[in-house]
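# Secondary and tertiary structure notes
The lines below spell out each chain.
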There are 2 protein chains.
Amino acid sequence: MNQRARHPRAWLAAAAVFLAVAPLHAQTDPLPSWNDGPAKQAIVAFVQATTDKSSPKFVPPEARIAAFDQDGTTWVSHPMYTQVVYCLERVPAVVKAKPELKNVEPFKTVLSGNREAIAKLGMPDLVKILAATLTGMPVEQFTAEVKAWLGTARHPRWDRPFTELVYQPMLEVMKYLRANGYKTYIVTGGGQDFVRVYSEQVYGIPPEQVVGTAGGTKFGYTKDGTPFLTKEPKLLLNDDRAGKPEGIHLMIGRRPHAAFGNSTGDQQMLEYTTAGDGARLGMLVLHDDATREYAYGPAQGLPDTKVGTFTQALYDDATKKGWTVISMKNDWKRIFAFETGNPAR
Amino acid sequence: MNQRARHPRAWLAAAAVFLAVAPLHAQTDPLPSWNDGPAKQAIVAFVQATTDKSSPKFVPPEARIAAFDQDGTTWVSHPMYTQVVYCLERVPAVVKAKPELKNVEPFKTVLSGNREAIAKLGMPDLVKILAATLTGMPVEQFTAEVKAWLGTARHPRWDRPFTELVYQPMLEVMKYLRANGYKTYIVTGGGQDFVRVYSEQVYGIPPEQVVGTAGGTKFGYTKDGTPFLTKEPKLLLNDDRAGKPEGIHLMIGRRPHAAFGNSTGDQQMLEYTTAGDGARLGMLVLHDDATREYAYGPAQGLPDTKVGTFTQALYDDATKKGWTVISMKNDWKRIFAFETGNPAR
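Conventions adopted
- Residues numbered from 1 in each chain as written.
- Chains lettered and ligands numbered in written order.
- Predicted model: local features only at pLDDT ≥ 70, side-chain atom pairs only at ≥ 80, totals over all residues.
- Heavy atoms only, no water.
- Core = buried A, V, L, I, M, F, W, Y, C linked by side-chain atoms within 4.5 Å.
- Buried < 20%, exposed > 50% of the residue type's maximum accessible area, 1.4 Å probe, protein only.
- Helix = DSSP H or I, 4+ residues; strand = E, 2+ residues; numbered from the N terminus.
- Contact = heavy atoms within 4.5 Å.
- Axes fitted to C-alpha atoms, helices over the stretch in contact; angles between N-to-C directions.
- Parallel < 35°, antiparallel > 145°, perpendicular 65-115°, else oblique.
- Left-handed = near helix turned anticlockwise from the far one by under 90°.
- Nonpolar A, V, L, I, M, F, W, Y, C, P; charged D, E, K, R; others polar.
- Pairing = 2+ DSSP bridges.
- Least-squares fit on C-alpha atoms with pLDDT ≥ 70 in both.
- Polar contact = N/O pair within 3.5 Å; in protein donor to acceptor, adjacent residues only side chain to side chain.
- Phe/Tyr/Trp six-rings, centres within 6.5 Å; stacked < 30°, edge-to-face > 60°.
- Lys NZ or Arg CZ within 6 Å of the ring centre and 35° of its normal.
- Buried area = accessible area lost by both parts, 1.4 Å probe.
- Salt bridge = Lys/Arg side-chain N within 4 Å of Asp/Glu carboxyl O.

### What about the nonpolar core?
Residue and element names in this part refer to chain A. Counting residues in hydrophobic clusters, the biggest one holds 65 residues, and the most contacted among them are W34, F68, L177, Y198, Y203, F260 and W332. Element by element, the count of residues in this core is highest for helix α4 (residues 82-97), at 8 residues. Those residues in contact with F260 that lie beyond four places of it in its chain are A67, F68, D69, T73, M170, V173, L177, M269, L270, L281 and M283.

### Notes on the packing of helix α4 (residues 82-97) of chain B against helix α7 (residues 123-134) of chain B
Residues and elements named next belong to chain B. Contact pair α4 / α7: the axes reach a minimum separation of 9 Å and the direction vectors enclose 70°. On the basis of the axis angle, α4 is roughly perpendicular to α7. You can see that α4 and α7 cross each other, and the crossing is left-handed. Facing Q83, V84, Y86, C87, L88, R90, V91 and V94 of α4, the residues of α7 in contact are L126, I129, L130, A132, T133 and L134. Here the residues of the contact of α4 with α7 are counted per class, giving 11 nonpolar, 2 polar and 1 charged.

### A closer look at the sheet that holds strand β6 (residues 281-286) of chain A
All names here are of chain A. The strand order across the open sheet formed by 7 strands is β4-β3-β2-β1-β5-β6-β7, and the pairing between neighbours is mixed. Both edges of this open sheet fall to β4 (227-237) and β7 (324-327), since each of them pairs with a single strand only. The average angle at which neighbouring strand axes cross in this sheet is 35°, direction not considered. Pairing geometry for strand β2 (residues 183-191) and strand β3 (residues 210-221), over 4 bridges, is parallel. Of the residues in β3, the one forming a bridge with I186 is V210. Strands in contact with helix α3 (residues 38-51) are β5 (258-261), β6 and β7; relative to β6, the strand with the most contacts, it is inclined by about 155°. Lying on the sheet, helix α13 (residues 267-274) is in contact with β1 (65-68), β2, β5 and β6; it crosses β5 at an angle near 165°.

### With respect to the relation of the copies chain A and chain B
Relating one copy of the chain to the other takes a rotation about an axis and a shift parallel to that axis. Rotating chain A by 180° and translating it 0.0 Å along the rotation axis places it on chain B, where the RMSD comes to 0.0 Å. The superposition of one copy onto the other is thereby described by a two-fold rotation axis. The overlap is high: 100% of the interface residues of chain A also sit at the interface in chain B, so the same surface is used on both sides.

### Considerations on the side chain of Q70(A)
Residues and elements named next belong to chain A. Here Q70 lies in the loop between β1 and α4. Separated by 3.1 Å, the side chains of Q70 and Y203 make a polar contact. Apart from residues lying up to four places away in sequence, Q70 is in contact with W75, I186, V187, T188, V195, Y198 and Y203.

### Observations concerning the packing of aromatic side chains
Enumeration over the complete set of coordinates arrives at 32 aromatic pairs over all chains. A centroid spacing of 6.3 Å and a plane angle of 90° characterise the contact between Y86(B) and F142(B), whose relative ring orientation is edge-to-face. A residue pair is termed long-range when its members are at least 10 positions apart, and Y86(B) in helix α4 and F142(B) in helix α8 (residues 139-152) qualify at 56 residues. Assessed through its relative accessible area of 0%, Y86(B) is described here as buried. Its relative accessible area of 2% is what places F142(B) among the buried residues. Geometrically, the ring pair formed by W149(B) and F162(B) is stacked, given 5.3 Å between the ring centres and 15° between the ring planes. On the criterion of sequence distance, the pair formed by W149(B) in helix α8 and F162(B) in the loop between α8 and α9 (168-179) is long-range, its members being 13 residues apart. The class of W149(B) is buried, set by a relative accessible area of 8%. Ring pairs connect the aromatic residues W34(A), W158(A), Y167(A), Y294(A), W332(A), F336(A) and F338(A), which therefore count as one cluster. In this structure, R157(A) packs its charged tip against the face of Y294(A), placed 4.9 Å from the ring centre.

### Notes on the interface of chain A and chain B
In this assembly, 36 residues from chain A lie in contact with 36 residues from chain B. Regarding the contact of chain A and chain B, the summed buried area is about 3000 Å², with carbon and sulfur atoms giving 55% of it. At the boundary of chain A with chain B, the tally comes to 8 salt bridges. Here chain A is connected to chain B by 22 residue pairs in polar contact (both at pLDDT 80 or more). Sorting the residues of the side of chain A that touches chain B by element identifies α8 (139-152), β2, α10 (192-196), β3, β4, α12 (243-251) and α13 of chain A as the ones contributing at least two each. Class assignment of the residues belonging to the side of chain A that touches chain B gives a composition of 18 nonpolar, 7 polar and 11 charged.

### Points about the side chain of T133(B)
Residues and elements named next belong to chain B. Looking at the element boundaries, T133 is found in helix α7. Under the relative-accessibility criterion, T133 is labelled buried at 1%. Excluding anything up to four places from it in sequence, T133 contacts Y86, C87, R90, V91, V94 and F142.

### As for the pattern of salt bridges
Counting across every chain of the model gives 32 salt bridges over all chains. We note a salt bridge from R196(B) to D193(B), for which the minimum N-O separation is 3.9 Å. Of this pair, R196(B) and D193(B) both sit in helix α10 (residues 192-196), separated by 3 residues, roughly a single helical turn. For the pair R196(B) and D193(B), one class covers both residues: buried. It is possible to trace a salt-bridge network through shared partners that takes in K183(A), R254(A), E200(B) and E208(B).

Following this line, the structure appears as structure tokens:
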């Protein structure tokens, strides 16, 4: 006679535990591209606690807001921000329309194709390029230009469209949060109108849930009286650093319960998010995977960078404030959906 | 033998028609506070056409955006905009906190309680009052102040909270649109942060779907390092007239398919909305009911007003552009939910 038969009540208790636990295990893992570890556990624990009505950490559905930085958090931002690539690649078309710019700096340098010289352009030059390529046209024209570019442009390293260089683990987190009643937002230092062109298709996030650096528009009429909006070179919101919580207040009007970032540009957003009452989740992606993506910090002795800087001070702050650092190398089983053996997106 | 028995096929056809039509009649009228007429018909026809997949006017769910002006469109705005009443009634508290303002204009006049003198205050004075009562405090403090005021303030004519002076027919339109997959937005010349305090409770519209006149905020830290946002006296968006389509682009990023207004401040929003492709609905509330609410235009010979002006030019434009004018007197069976015989809200 075995142990089980000798203690029928113990057996029943074991069966009850099994039956209670089995449905959980039977569920599909909502985060299959994540390795088991503190980062994945933090996400699952947050979602479970905030959606369980009996939990003291329960968050009512209408307050479930999650904010995601984009560059370096949900897609590749090296060696250059995608939108900056767009602006540089738009310069020939701009000069074609305005030939008088051909011999004017910084357009002359950009047209030369001299990468070293282009890399040395300063902020005032970059501002001129952004103004010339992102403003001055009707909003519909801008959308069409970005859409056309995204269809043909390729990342130099992977030779794939930029919109395929999104992090599969982060797409899974967005989906998982939405399946649990969270409204997901992009909160980016990038251009709001730029990201809105592809946010629905790439992230499942509608344009109205994209908060980004935003310029003004000007309402006017065509000759036949049709109203239209022109993008103006007038900055309304610089959605970076302190501008992120300010942008969240302007565009959402509620404090998020979860925020995801990867650099000092996201620090204030995480501070603001996690300073709220009740359950809050703050997470930072650390790019420590030179093999599969890039490695930069300078936190944890990683190479320094000017694109998406993750300082040691930010790392220490994360530890102090209970934010979770996501190690790209250790926490992500896969990085891109197109990697071999990846489940379909 | 009756007609029916003699023509069994005709009877069958009649039965089929009855069965097909019956469920429609059996449904509860989604707009019970509207009289049958061109306004109600325009709303129902728009919703039916844009949600019927077989209709050439079908609008995919993600593009279903409807914008509602607030003052004079969804609630009473006479004799004074509610937010202006708020600002004037906040002055004593502001002066209590800053006694040096006691003998400074325009605060002195407001404190005097002299209605005629207050009514004569000019725009520069009003701007000083708005700045003193709407800015300079943390956003949470402002929300708490507005909430407290709404709980005690009363409209002089009805002696009821301002939040009860919402138009029941418009609440029904919002609900009807939402039941048909539309995302409803408030797009108001009033303060975005002010309206967000009560929009969910009063209109069922969450704060993130309120677009209004917006000032900047400033991110900072308390002495113990807690981050917070202060409301700044810096105008980011004047969400009136041309500012409405500009605000819609900034905050929503899509052109609405339906827009509701009541004054020249809404003209550009309706132009922008109805200039889009496919089915579009533009509607304007005409206050022609002095008995149950107020009568003002000066369109159609109604008394002139400075609060929510509906000019004859706007009226003519509505006719020309196919916008529907809602006659409060003729189209609305009931105006407020609290009226005798009203169905529950």
